[in-house]
Amino acid sequence: MRLANCAGRLVLITGDASQGSLPALDVETASEGLFSADPQAIYARWAEFRAWAESAQRDAATPVAESALGPVVPRPAQVFAIGLNYRDHAAESGFALPTAPVVFTKYVSSFTGPTGDITLSPGDVDWEVELVVVIGTAARRVDAADGWNHVAGLTVGQDISDRTAQFAAPPAQFGLGKSFPGYSPIGPVLVTPDEFDDPDRLTLGCEVNGTAVQKGTTADLVFSVSTLVAELSSTLELLPGDVIFTGTPAGVGHGRTPPQYLRAGDELTSWVSGIGVLRHRFVSA
Ligand code: ZN
């Protein structure tokens, strides 16, 4: 199953993208008001919604423009982001491999949709393509073997990072440096785990002005999706609709020689196989 946020309304995506549009079924209308149009509200009733969606009459789907899509999860109660979660990225960053997940937050006011312009902050601005996990059912002290059972689905994210703000003074300032407006784009759709042959082995990457800068596989995650659910839930309760940015593979601008950062006019394309593509253009303030 695939879901999206179309101009603030929850839609089921019923087919493939073609010429910049997707066939979409409005959930509130199709369910005759059983489910709210609010894309964030659905996770509180995730099991009930999945059962309805599987048997929903899909004939009423209409094409919606990809440019009309917003962040598929617009207002999560909690946002987790994981640092140094790929061996090659930890190495390019000059850090030892973590022995426990390095957890920080991206503030929710930085969320934006899968396309559009992002205004550059004053510092050196970098890219980090990431697989993003959305929690479906609350999780507290779950085993890694049970981790995927608490996941509603997966989407594509960018952990856009102002390195100047992040490293202004030791120790690093992860949360603020990665939370300027628009610095947490997610989308274009949420895809349920059953749609993948192997949800622990997804290719991801990004391009700047058409030149590939990152490419990796989630099979190389130091802490896998199910392990992250277990580790986070050992401390706190993961809530329906929470979001986890799972970390980025090698190839960020900060790790290059010389470093490369985003400039006004740059186009950033970010993707995860089997999910979709984010397309953003950077503009000066
Ligand atoms: Zn990141």
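Preceding block: the structure.
One structure accompanies this document, and this report is about it.

Thresholds applied
Residues numbered from 1 in each chain as written. Predicted model: local features only at pLDDT ≥ 70, side-chain atom pairs only at ≥ 80, totals over all residues. Heavy atoms only, no water. Helix = DSSP H or I, 4+ residues; strand = E, 2+ residues; numbered from the N terminus. Rg over C-alpha atoms; globule rule 2.2 N^0.38 Å. Buried < 20%, exposed > 50% of the residue type's maximum accessible area, 1.4 Å probe, protein only. Donors = N, O, S within 2.8 Å, 3.2 Å for Na, K, Ca; no water. Pairing = 2+ DSSP bridges. Axes fitted to C-alpha atoms, helices over the stretch in contact; angles between N-to-C directions. Contact = heavy atoms within 4.5 Å. Salt bridge = Lys/Arg side-chain N within 4 Å of Asp/Glu carboxyl O.

Turning our eyes to something else, we now look at the overall build of the chain. Helix and strand content of the chain: six helices and 19 strands. For 285 residues, the compact-globule formula gives about 19 Å, and the C-alpha radius of gyration of the chain, at 18 Å, lands near that figure. With respect to the three principal axes, the spread of C-alpha positions in the chain is 55 × 45 × 30 Å. Per-residue burial for the chain yields a buried fraction of 53% across its 285 residues.

This part covers the coordination of the zinc ion. Taken together, the protein donors to the zinc ion comprise Glu128 (OE), Glu130 (OE) and Asp159 (OD), at separations of 2.0 to 2.1 Å. Read from N- to C-terminus, the donor residues coordinating the zinc ion fall into the pattern E-x1-E-x28-D. Of the two residues, Glu128 sits in the loop between strand E10 (125–126) and strand E11 (129–135) while Asp159 sits in the loop between strand E12 (151–158) and strand E13 (161–162), which places them 31 residues apart along the sequence. Each member of the pair, Glu128 as well as Asp159, carries the same accessibility label: buried.

Take the sheet that holds strand E9 (residues 115–119) next. Read from one edge to the other, the open sheet built from five strands follows the order E9-E19-E18-E15-E16, with strand pairing classed as mixed. Sheet topology places E9 and strand E16 (211–217) at the edges, where each strand pairs with a single neighbour. Along the sheet, successive strands turn relative to each other by an average axial angle of 20 degrees, direction set aside. In the sheet, strand E15 (residues 203–208) pairs with E16 via six bridges, with the strands oriented antiparallel. By the bridge assignment for E16, Gly205 is matched with Lys215.

To continue, consider helix H6 (residues 225–235). Residues Val225, Ser226, Leu228, Val229, Ala230, Leu232 and Ser233 constitute the buried set of H6. On the buried face of H6, the contacting elements are strand E6 (79–83), strand E7 (102–104), E11, E12 and strand E17 (243–245).

Residue position: Gly147 is located in the loop between E11 and E12. When the C-alpha atoms of Gly147 and Ile135 are compared, they prove to be 9.9 Å apart, with 12 residues separating the residues in sequence. When neighbours within four sequence positions are excluded, Gly147 is seen to be in contact with Ser226 and Val229.

Moving on, we come to the pattern of salt bridges. Within the structure shown, the criterion is met by 13 salt bridges. Across the pair Asp26 and Arg9 runs a salt bridge, and its minimum N-O distance is 2.7 Å. Separated by 17 residues along the polypeptide, Asp26 in strand E3 (residues 21–26) and Arg9 in strand E2 (residues 9–13) bring together distant segments of the chain. With its nearest N and O atoms 3.2 Å apart, the salt bridge here joins Lys178 to Glu128. Placement of the pair is Lys178 in the loop between helix H5 (174–177) and strand E14 (184–191) and Glu128 in the loop between E10 and E11, with a sequence separation of 50 residues. You can call Lys178 buried: its relative accessible area is 2%. Given a relative accessible area of 5%, Glu128 falls into the buried group. Linked through salt bridges whose partners overlap, the residues forming this network are Lys106, Asp126, Glu128, Asp159, Arg163 and Lys178.

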